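The residues making up each chain are set out below.
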Amino acid sequence: MDNAIARLAQLRDISRSIRAQTDLDALMQTVVEAAVEGLGMDRGVLLLERGQRLPDNVVTYAREGATVSEDGHEISRTVIGIVRARREPVITRNVQGDARFQGTSSVRGLGAVVGLPLLDAGRFLGALYMDTKSKAVDIASGSDRSFLESLAEIASLALAHARSRARMQEAASLSEDFGAVLDVDVVLERLIERIVKLTNAEQGFLLLHESDRDGLKVWGGRDRMGRRLDDSREMLISRHIVE
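Quick caveat, the model's predicted, so the values are computed rather than measured. (Residues numbered from 1 in each chain as written. Predicted model: local features only at pLDDT ≥ 70, side-chain atom pairs only at ≥ 80, totals over all residues. Heavy atoms only, no water.)

*Asks:* I tried to follow the environment of F147 on my own but got confused; where do I start?
*Replies:* Position of F147 among the secondary structure elements: in helix α4 (residues 142-179). Distance from F147 to A35, taken between C-alpha atoms, is 9.8 Å for residues 112 residues apart in sequence. The residues contacting F147, other than those within four sequence positions of it, are R7, Q10, L11, I14 and L39. (Helix = DSSP H or I, 4+ residues; strand = E, 2+ residues; numbered from the N terminus. Contact = heavy atoms within 4.5 Å.)

Structural data, given as structure tokens:
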């Protein structure tokens, strides 16, 4: 009972901290720090999905004495893969004795491991991963599992709202930016640059309909750094999809 009450108090404090954040990156950092500290884990990584792959945004956190790189590349991709494929939590207090991870090098030397899906109305947003080398961390109780699932729900809702807010702000900025431009070519350049940025695409092309006879013509392309793509890259465009 005491553990359940403590977990409820933690959720209350985490919820308050999350509500205080309006910036997406700051919100992600708050979530991963609160999760790691709340469970007594060593390190954590929060990854948001980009299209059909991870990651888009990545934030990491490690307690004193633990390390994790900024891109979180050393975490267990096997755990993340299970979370993403099944849309279900992975919670194990002894990963070395868990048959799902036998022979998995990325969990070697670890004790407890947690992977939580971040979902918005069933849509996969990303995953929250935590681990520790300690064998003393006990996350097997019902209150611990309820805490983790509730944390994932709170975080998912907040992240979905923050992401939508960021996109609305970007759209408003885009409207203001275009409003003062009279040159059509400049408008088109900014349009394709912003679309590539907003969708986190590697590159994008803008095609214009010139006439019924000529059909669609490639106006130009940009990569995610805003650099102009030369004409030879047009072969990458799927005409079947476009037309």
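There is more to say, and it comes next.
*Asks:* For this particular structure, what's the right way to read the layout of surface pockets?
*Replies:* One way to see where empty space is left: roll a probe the size of a water molecule over the atoms. When its volume is computed, the second largest pocket comes out at roughly 180 Å³. Around the second largest pocket, the lining residues are D42, R43, R63, E64, G65, A66, T67, L110, D131, T132 and K133. Considering only residue class, the lining of the second largest pocket consists of two nonpolar, three polar and six charged. (1 Å grid on protein atoms, 1.4 Å probe; cavity = no way out; pocket = protein on both sides within 12 Å on 5 of 7 lines; lining within 4 Å. Points joined across faces, edges and corners; volume = space filled by probe spheres on them. Nonpolar A, V, L, I, M, F, W, Y, C, P; charged D, E, K, R; others polar.)

*Asks:* What am I meant to see in the nonpolar core here?
*Replies:* The tendency in soluble globular proteins is for nonpolar side chains to be buried as a group. Ranked by internal contacts, the top residues of the largest apolar core, which has 36 residues, are L46, L128 and M130. Breaking this core down by element, the ones donating at least two residues are α1 (2-19), α2 (24-39), β1 (43-48), β2 (58-62), β4 (113-120), β5 (123-131) and α4. Non-local contacts of L128, meaning those with residues more than four positions away in its chain, are made with V31, V32, A35, V45, L46, V114, G115, L116, L118 and L151. With 17 residues, the next largest nonpolar core counts V107, L110, V113 and F124 among its residues. (Core = buried A, V, L, I, M, F, W, Y, C linked by side-chain atoms within 4.5 Å. Buried < 20%, exposed > 50% of the residue type's maximum accessible area, 1.4 Å probe, protein only.)

*Asks:* Any chance you could explain the pattern of salt bridges here in plain terms?
*Replies:* Pairing of side chains with opposite charge becomes possible as their charged atoms draw close. Applying the stated rule across the entire model yields seven salt bridges. One salt bridge in this structure joins R43 and D131, with 2.8 Å as the shortest N-O distance. Of this pair, R43 sits in strand β1 while D131 sits in strand β5, and the two are 88 residues apart along the sequence. Take R43 and D131: they sit in the same class, and that class is buried. Of the charged contacts in the structure, one is a salt bridge between R123 and D120, with a shortest N-O distance of 3.4 Å. On the accessibility criterion, D120 (27% relative accessible area) is partly exposed. (Salt bridge = Lys/Arg side-chain N within 4 Å of Asp/Glu carboxyl O.)

*Asks:* Any chance you could explain the pairing of β1 here in plain terms?
*Replies:* It is a general feature of regular strands that their side chains alternate between the two faces of the sheet. Of all six residues in β1, six are buried, a share of seventy percent or more. Side chains R43, V45 and L47 project from β1 onto one buried face, and the interleaved G44, L46 and L48 project onto a second face that is buried too. Relative to β2, β1 runs antiparallel, the two being bridged by five bridges. Within β2, the position partnered with V45 by the bridge is T60. Where β1 and β5 come together, six bridges link them in antiparallel fashion. Counted as the bridge partner of L47 is A127 from β5. (Pairing = 2+ DSSP bridges.)

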